[in-house]
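Each chain, written out:
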Amino acid sequence: MKQDLIFIPSPGIGHLASTIELANRLVDRNDDRFSITVLLIRVPFAPTMESYAQSLSATYGTRIQFINLPPVDPPSPDLLRSPEKYVSVFIESNKPHIRHAIGKLVSNSVKLAGLVVDLFCTSMIDVAKEFGLPSYLFFTSSAAFLGLMLDLPTRHEQIGTSFTESDPESMVSTFVNPVPSSVLPSGMLDACNGGYDSFLYHARRFSETKGIIVNTFAELESYALRSLSGGPTPTVYPVGPLLDLDQSRSGGRDEDKIRIMQWLDDQPISSVVFLCFGSLGSFDGHQLRQIAIGLERSGLNFLWSIRQPQGVGQSPIPSDDMSHKEVLPEGFIERTKGKGMICGWAPQKEILAHPAIGGFVSHCGWNSILESIWFGVPIVTWPIYAEQQTNAFEMVRELGLALELKLDYRKGGDLVMADEIERAVRCVMEHGNPVRMKVKEIGQKSREALLEGGSSFNSLGCFIENMLGNHS
C-alpha cells in the first residue's frame, strides 16, 4: 500500500521554497511507493506567501498535495522582540489544525510514512508521536550551523546561560576554527526575550527524530558532515543544493523583470556587481548613502536592489517603495546613469545566472549562498539577521569561498563606510581573484552532486529506503 509522507514547513519563502524542492526531488525518485502532502501554515503579515503557495499548487498539480491550514491569530506584538520566539509560538498555535489535518488523512485510510518538520516546527513532533509516526527534521541551513545547534544542549548543561558578546571563542564540532560570539545568531545572545530559549528548545528536540535532511552537499561541507556522522546524532542526509530555479515562481512584476534583464543584456560579461539583501534585508538612509558613495567611487557597473523598511507596527517585510532616491547623494542617479541600475524587488536567481554578473554583495542567507555557488558567482559578505553571520564566517574563514566585507554586522549596527564597500567590490570583481576560480569549481561540483550517482542523489536514495523501512 502506498504511504504518504507529510511535510510541515515554516511559513517563510526561504524555508518553503527549499522544502518544496525537496518534495519535488522525492516525487521524481518515487517508484509509486509513497506520496507527499504539504501542510501550509498561513501567515497574516506576509501576503506574498499566499500567492507563492497558490503558484505551487498550480505548478505541481497532483504530484504533491497541498493543504492550506485555517488561519490563526498572530502572537502578541510584544514577542517580536525575538523573531525566533515569535515564529515558534505562532507555529505551535497551529498544532490543533495540523492534528486535525493528519487525523482526517488517517480517517480516510491513508497510510502515513511520517512527518518531515522544519527547524522551527519541532513542536509538531508531539503530533507525530500521538499518531505513532516517526519524525524527520529538514534543516534548511548549513551542516556547520546544524552542528552548532546540536552542541547547544550539551553547552547549556555545562554553562546554563545564553551566549554573550564577551564570551571567549567557542569550539563547535562542525567548525575547524573557533567560533567567536560575534558571528552567532542574535537569538543565541538573547537571554531576555526568549530567543536563546527558543533555539535551545528546538535543538533539544532534534535528537527525537529518525533522521536529519540537510540542504547541503558533501563536496561543500565535508568537514562538518564528517563531524556529524556516527555517535548519538540521528542519521544526517545531505541532499542539496535544493534550489527552486523555476523562473515562473520568482515573483515580482513581469515589466520589472524585463527591464532588469534587458539592462543586463547590454553589459559586458562579468562586469556587473549585484547587491541584494534578501526578503527581510533593508537599510536606513545613512547606510544607503555610504553604499552609493562606495559604488560610485569604485567605477564599477552595478545592479542594486533596495528594499525600504516599513514603519513601526507595520509588516516586517520591507517594501519596494522607490522613495529612496531622496536619501541618496545628490546627483548620484544622474552621474551613474548607464553604469548602474537601481531596482526594488529583484529576480535574484535569473540575475545570478546572467553572464554579465561578476560579483554578489549578499546578506548570506543559506539559499542565496547555494544559488551563488550554483551559478559560480563569488560573494561579498554582509550578513544582517538570523544565522547569516555564522554563514558568512563559514564561507570566508572555513571554506575560503567568499570575500569579507563584514562577518558580524547586525541590523541597526554601526555604519559600514564607503571606503570599505569600495574596497570589497573592487576586490570581488578582480578576474585574477583566487576565490572566483574556487567558487566556479565548487559550483560545478554542486551540479554533479545531484546527478545520478552523485553524493546528494545517493544520500536522498538512502533517506527514501530508510524512511520506508522505518514505517513499513
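All of the points below concern the structure found in this document. (Residues numbered from 1 in each chain as written. Predicted model: local features only at pLDDT ≥ 70, side-chain atom pairs only at ≥ 80, totals over all residues. Heavy atoms only, no water.)

### Notes on unusual backbone geometry
- Looking along the chain, the bond that leaves Gly-240 and enters Pro-241 is cis, with omega of 0 degrees.
- Checked against the element boundaries, Pro-241 lands in the loop between strand S7 (235–238) and helix H9 (254–265).
- At Cys-364, a position not held by glycine, the phi torsion is positive, near 70 degrees.
- With respect to the helices and strands, Cys-364 occurs in the loop between strand S11 (357–362) and helix H13 (366–374).
- Assessed through its relative accessible area of 1%, Cys-364 is described here as buried.
- At Ala-386, a residue that is not glycine, the phi angle is positive and equals roughly 55 degrees.
- By the secondary structure assignment, Ala-386 is in the loop between strand S12 (379–381) and helix H14 (388–398). (Helix = DSSP H or I, 4+ residues; strand = E, 2+ residues; numbered from the N terminus. Buried < 20%, exposed > 50% of the residue type's maximum accessible area, 1.4 Å probe, protein only.)

### Observations regarding the layout of surface pockets
- Taken as a whole, the second largest pocket encloses approximately 250 Å³ of empty space.
- Leu-150, Asp-151, Thr-154, Pro-232 and Thr-233 are the residues nearest the centre of the second largest pocket, which is lined by 15 residues in total.
- Here the element with the most residues in the lining of the second largest pocket is helix H6 (residues 143–159); it accounts for five residues. (1 Å grid on protein atoms, 1.4 Å probe; cavity = no way out; pocket = protein on both sides within 12 Å on 5 of 7 lines; lining within 4 Å. Points joined across faces, edges and corners; volume = space filled by probe spheres on them.)

### Details of the pattern of salt bridges
- The full count for this structure, using the stated rule, is 17 salt bridges.
- One salt bridge connects Arg-99 with Glu-130, and the closest N-O pair in it is separated by 2.8 Å. Here Glu-130 lies in helix H5 (residues 125–130) and Arg-99 lies in helix H4 (residues 95–107), a separation of 31 residues in the sequence.
- On the basis of relative accessibility, which here comes to 46%, the residue Glu-130 falls in the partly exposed class.
- Between Glu-165 and Arg-410 there is a salt bridge, with the nearest N and O atoms lying 3.9 Å from each other. Placement of Glu-165 in the loop between H6 and helix H7 (195–206) and of Arg-410 in the loop between strand S13 (402–404) and helix H15 (418–428) is noted, with a sequence separation of 245 residues between them.
- Put simply, Glu-92, Lys-95, Asp-126, Lys-129, Arg-205 and Glu-208 are held in one network by salt bridges that share partners. (Salt bridge = Lys/Arg side-chain N within 4 Å of Asp/Glu carboxyl O.)

### Details of the side chain of Glu-221
- Position of Glu-221 among the secondary structure elements: in the loop between strand S6 (211–214) and helix H8 (222–228).
- Salt bridges are absent for the buried Glu-221, whose nearest opposite-charge side chain, Arg-226, sits at 12 Å.
- At a separation of 2.8 Å, a polar atom in the side chain of Glu-221 contacts the main-chain amide nitrogen of Ala-143.
- If sequence neighbours within four positions are ignored, Glu-221 has contacts with Ser-142, Ala-143, Ala-144, Thr-216, Trp-366 and Glu-394. (Lys, Arg positive; Asp, Glu negative; His and termini not counted. Polar contact = N/O pair within 3.5 Å; in protein donor to acceptor, adjacent residues only side chain to side chain. Contact = heavy atoms within 4.5 Å.)

### Description of the sheet that holds strand S8 (residues 272–276)
- Taking strand neighbours across the sheet as the criterion, the six strands line up as S10-S9-S8-S11-S12-S13 in an open arrangement whose pairing is parallel. Pairing within the sheet leaves two strands with one partner each, and these edge strands are strand S10 (340–343) and S13. Within the sheet, the average angular offset between the axes of one strand and its neighbour, ignoring direction, is 20 degrees.
- Here strand S9 (residues 301–305) runs beside S10; their pairing, made up of four bridges, is parallel. Within the sheet, the bridge partner assigned to Ser-305 lies in S10 and is Cys-343.
- Against the sheet, helix H10 (residues 285–298) touches S8 and S9, its axis set at about 165 degrees to S9. (Pairing = 2+ DSSP bridges. Axes fitted to C-alpha atoms, helices over the stretch in contact; angles between N-to-C directions.)

### Considerations on the packing of H6 against H7
- Taken N-terminus to C-terminus, the directions of H6 and H7 make an angle of 100 degrees; their axes are 8 Å apart at the nearest point. Here H6 lies roughly perpendicular to H7, going by the angle between them. Only Tyr-196, Phe-199, Leu-200, Ala-203, Arg-204 and Phe-206 of H7 make contact with H6, whose side of the interface consists of Phe-145, Leu-146, Met-149, Leu-150, Leu-152, Pro-153, Arg-155 and His-156.
- In terms of residue class, the contact of H6 with H7 is made up of 11 nonpolar, one polar and two charged. (Parallel < 35°, antiparallel > 145°, perpendicular 65-115°, else oblique. Nonpolar A, V, L, I, M, F, W, Y, C, P; charged D, E, K, R; others polar.)

By themselves these figures say nothing about function.
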